[in-house]
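Summary of the model geometry
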Amino acid sequence: MKIAIDGPAGAGKSTIAKLVAEKLSFVYVDTGAMFRTMAYYFLSNGIDTSDEEAVNASCDDIEIRIAYEEGEQHIFLKDKDVSAEIRQEEIGKNASVVAKYGKIRTRLLNLQRKMAESSDVIMDGRDIGTVVLPDAEVKIFLTAAAHARAERRCRDLQEKGIACDLKEIEQDILARDEEDMNREIAPLKQADDAIYLDTSDMTIPEVVAKIIEITEGKRV
């Protein structure tokens, strides 16, 4: 069985998907981490992510591997576990830039679909229900007001001891929304058969319970 969760930056897709996967014993696939790993590679090697030609030229040199330790996804760049490093705000911004490029998306699409062939999976991203897993039995478009998303992101950073500027984060989120929705290849949009779920005023347990309820309804 496949569950596709799409939505804008900061909507809580990864947090929700992990918890749903744990409760349903599904494999969680964090597609955003794959794009972030690509961006991390380019930035670490001095490659300008806005230069599509340079990005494409280096794309084939990137070796991404995903492993699961105690049920949690870890992503490796060759032999280095970069799961923590790729969560930096700067990496996220550049991930949205490289996600516009066809060669990057094709490279990761094959990996994502292969992972969904052998297990019950829950996958989150921007185009899971529309492009990656169009045949998913459950499709959720998870969103929240930009201010609510900014508050959540800032709170997460503060809990990790990282200083943040709420207004700046909200502006970044709005900019990423604009970029994700208007990119030429696989833009962020709600699949025709996806359920729209606004979590602005919902708690995490409430969102998890709702998605499980929807999933169980599909199994009947």
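Keep in mind that what you see is a predicted model, and the values were worked out from it rather than measured.

The next point concerns the pattern of salt bridges. Tallying each qualifying case throughout the model produces 13 salt bridges. Between R126 and D180 there is a salt bridge, with the nearest N and O atoms lying 2.8 Å from each other. With R126 in the loop between strand 6 (121–125) and helix 6 (128–132) and D180 in helix 8 (residues 166–182), the pair connects residues that are 54 residues apart, well separated along the chain. Residue classification places R126 among the buried positions, given a relative accessible area of 15%. For D180, a relative accessible area of 1% corresponds to the buried category. Within the structure, one salt-bridge network assembled from shared partners comprises R126, D180 and R183.

Where helix 1 (residues 13–24) meets helix 9 (residues 204–219), the closest approach of the two axes is 10 Å, and the angle between their N-to-C directions is 50 degrees. Between helix 1 and helix 9, the interaxial angle falls into the category oblique. Note that helix 1 runs across helix 9; the crossing there is right-handed. Residues T15, I16, L19, V20, K23 and L24 of helix 1 touch helix 9, and the partners they reach there are I204, V207, V208, I211, I212, T215, E216 and R219.

What follows concerns the pairing of strand 6. Where a strand is regular, its side chains alternate between the two sheet faces. Within strand 6, five of the five residues are buried, which leaves it mostly tucked inside the rest of the structure. What you see with strand 6 is no split at all: V121, M123 and G125 on one side and I122 and D124 on the other are buried throughout. In this sheet, strand 6 lies alongside strand 1 (residues 2–6) in parallel orientation, the contact comprising five bridges. Paired with D6 across the two strands is G125, which belongs to strand 6. Pairing analysis gives four bridges linking strand 2 (residues 27–30) to strand 6, with the strands arranged parallel. The residue of strand 6 that forms the bridge with V27 is V121.

Our focus in this paragraph is the environment of P134. Relative to the elements of secondary structure, P134 occurs in the loop between helix 6 and strand 7 (138–143). Along the sequence, P134 and A150 sit 16 residues apart, while their C-alpha atoms lie 29 Å from each other. In contact with P134, other than residues within four places in its own chain, are R113, I128, G129 and K139.

Bridging between strand 3 (residues 64–69) and strand 4 (residues 72–77) involves six bridges; their strand directions are antiparallel. Directly across from A67, in strand 4, lies its bridge partner H74. The hairpin turn running from strand 3 into strand 4, its antiparallel successor, is two residues long, and E70 in that turn takes a positive phi close to 55 degrees.

We now examine the packing of aromatic side chains. Inspection of every chain in the model, using the stated rule, returns two aromatic pairs. Relative to F42, the ring of Y41 has its centre 5.8 Å away and its plane inclined at 80 degrees; by these criteria the two rings are edge-to-face. Taking the centre distance of 6.1 Å and the plane angle of 15 degrees together, the rings of F141 and Y196 count as stacked. Highlighted residues: F141 in strand 7 and Y196 in strand 8 (residues 195–198), separated in sequence by 55 residues. Overall, the relative accessible area of 47% leaves Y196 in the partly exposed class. Just above the ring of F76 sits the side chain of R65; from NZ or CZ to the centre is 4.2 Å.

We now examine the sheet that holds strand 4. Pairing is antiparallel in the open sheet, where three strands are placed in the order 3-4-5. If you trace the sheet from one side to the other, it starts and ends with strand 3 and strand 5 (80–81), each paired once. Relative to strand 5, strand 4 runs antiparallel, the two being bridged by two bridges. Its bridge partner lying in strand 5, L77 is registered against K80. Running over the sheet, helix 2 (residues 31–44) touches strand 3, strand 4 and strand 5 and is turned about 25 degrees from strand 4.

Rules used in this analysis
- Residues numbered from 1 in each chain as written.
- Predicted model: local features only at pLDDT ≥ 70, side-chain atom pairs only at ≥ 80, totals over all residues.
- Heavy atoms only, no water.
- Salt bridge = Lys/Arg side-chain N within 4 Å of Asp/Glu carboxyl O.
- Helix = DSSP H or I, 4+ residues; strand = E, 2+ residues; numbered from the N terminus.
- Buried < 20%, exposed > 50% of the residue type's maximum accessible area, 1.4 Å probe, protein only.
- Axes fitted to C-alpha atoms, helices over the stretch in contact; angles between N-to-C directions.
- Parallel < 35°, antiparallel > 145°, perpendicular 65-115°, else oblique.
- Left-handed = near helix turned anticlockwise from the far one by under 90°.
- Contact = heavy atoms within 4.5 Å.
- Pairing = 2+ DSSP bridges.
- Phe/Tyr/Trp six-rings, centres within 6.5 Å; stacked < 30°, edge-to-face > 60°.
- Lys NZ or Arg CZ within 6 Å of the ring centre and 35° of its normal.

In short, the description is geometric, and any link to function would need to be established separately.
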